[in-house]
Amino acid sequence: MEVGKLTVTVRSTIGHKGAARALRAQGKVPGVCYGASVDGKIAPLPIIVDVKALRAALDPVRKQNTVINLTIEGGAKPQSLHALVKDFQIDGLRREIRHVDLLAIDPNKEVLADVPLEFIGKPKGAIDGGQIRIVMRKLEVRAKPSDIPIKLVIDVSPLEIGDVIHVSSVALPAGVEVVTGRDHAVVTCAAPEAEEVVATTEAVAAEGAAAPAAAGAAAAPAAGAKGAAPAAGAKDAKAAPAAGGKAAPAAAAKPAKK
C-alpha cells in the first residue's frame, strides 16, 4: 500500500490566515499530523505540506487512506513514521488542496477510516415511480491499513418502493469491521410524490377560481333587477353638473307687467 514518501516541516504559525495565504502562494498548505510525538508526548502536530510532493505520494486510485512513509523536519530532531492520509480539504472553486490531515499509525495495528460508498444499478421500484434516497455516502470502518478498502459497492437493483438497505446489509471484505451503527439506513427507495403534488395543485387552482367567482357575484345586481333606482325624491330632470362644472343657466325671467 505504501506508494510514496513525503517530507513535511513543523509549522510554528497557527490560526493565522495571512500565513496560510503566504504558504499557498508558495505551493504549500497547512496541515496537522495526529498521533505524532511532540517532546515525548503524543499530540496533534501542525505541519507544512508541499502540495506537489503530497500528490506524488498519494495512491492515484485510493488518495484518501493512502499509507505513506512520512518524515517530519523542523523539530528537535527529524521523525520518520508511517502515516495515513485521513482527509484533505479541496477548494470548491479552484479544486486545489487547502489543508491536509495525517494520522501517525502502526501498519500492524487496526485504525479507524472512512470508506466512500458507490451505488450501482437501477431499483425495481423505479418502474412504479420510486425514487432513490441516499442517506450515507461513506462508512466508518476499523481495519489494518493494508486491509482498508478503496470503496464499498452497493447494488440497489433489488429495491422495491419502501425498501431500505441498512449498514448491516453492506458486504465487507475480510479483516474489515464496520463502526457506523448497523441499524442505520444507507439508501432507500421512496414512494413517488407525484400524486400528492397533483392533488395540491388542483386544490390551489380550485381555490383561485372560486375567489373571482365570488367577487363577481357580489358585484352583479340581483336577478331580474333593472339598473339602479334613482335616489329618493329625485325627479326625471337632468342630473346636476359634476362638482366644479359650470352651473346650468337659469330659466329666462318674464318681464314684469306695468
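Residues numbered from 1 in each chain as written. Predicted model: local features only at pLDDT ≥ 70, side-chain atom pairs only at ≥ 80, totals over all residues. Heavy atoms only, no water.

Enquirer: Residue-level account of the overall build of the protein, with values.
Expert: Each helix and strand counted, the protein has three helices and 15 strands in total. Considering the protein as a whole, with its 258 residues, one finds that 28% of them fall into the buried category. Here the contacts in the protein between residues at least 6 apart in sequence split such that 64% fall between residues at least 24 apart. Per element, the accessible surface of the protein, about 17200 Å² overall, is 55% carbon and sulfur. (Helix = DSSP H or I, 4+ residues; strand = E, 2+ residues; numbered from the N terminus. Buried < 20%, exposed > 50% of the residue type's maximum accessible area, 1.4 Å probe, protein only. Contact = heavy atoms within 4.5 Å. Areas by Shrake-Rupley, 256 points an atom, 1.4 Å probe, with all protein chains shown as cover.)

Enquirer: Tell me about the sheet that holds strand 9 (residues 111–120), residues and numbers included.
Expert: Taken together, the four strands give an open sheet; going across it, the order is 12-9-11-14, and neighbouring strands pair in mixed fashion. The open sheet has two free edges, formed respectively by strand 12 (152–155) and strand 14 (177–178), since each of these has just one partner strand. Summarising the sheet, strand 11 (residues 138–143) and strand 14 pair through two bridges and their orientation is antiparallel. The residue of strand 14 that forms the bridge with R142 is E177. (Pairing = 2+ DSSP bridges.)

Enquirer: Mind laying out the pairing of strand 1 (residues 5–10), listing which residues take part and the relevant values?
Expert: Relative to strand 6 (residues 67–73), strand 1 runs parallel, the two sharing five bridges. Residue pairing for strand 6: K5 is matched across the bridge by N69.

Enquirer: I'd love a proper account of the pattern of salt bridges, names of residues and values included.
Expert: Under the defined criterion, the tally for this structure stands at four salt bridges. Salt-bridge contacts for D91 lead to R98; the nearest nitrogen and oxygen are separated by 3.3 Å. Measuring nitrogen to oxygen at the nearest pair gives 3.8 Å for the salt bridge that ties K138 to D114. Of this pair, K138 sits in strand 11 while D114 sits in strand 9, and the two are 24 residues apart along the sequence. (Salt bridge = Lys/Arg side-chain N within 4 Å of Asp/Glu carboxyl O.)

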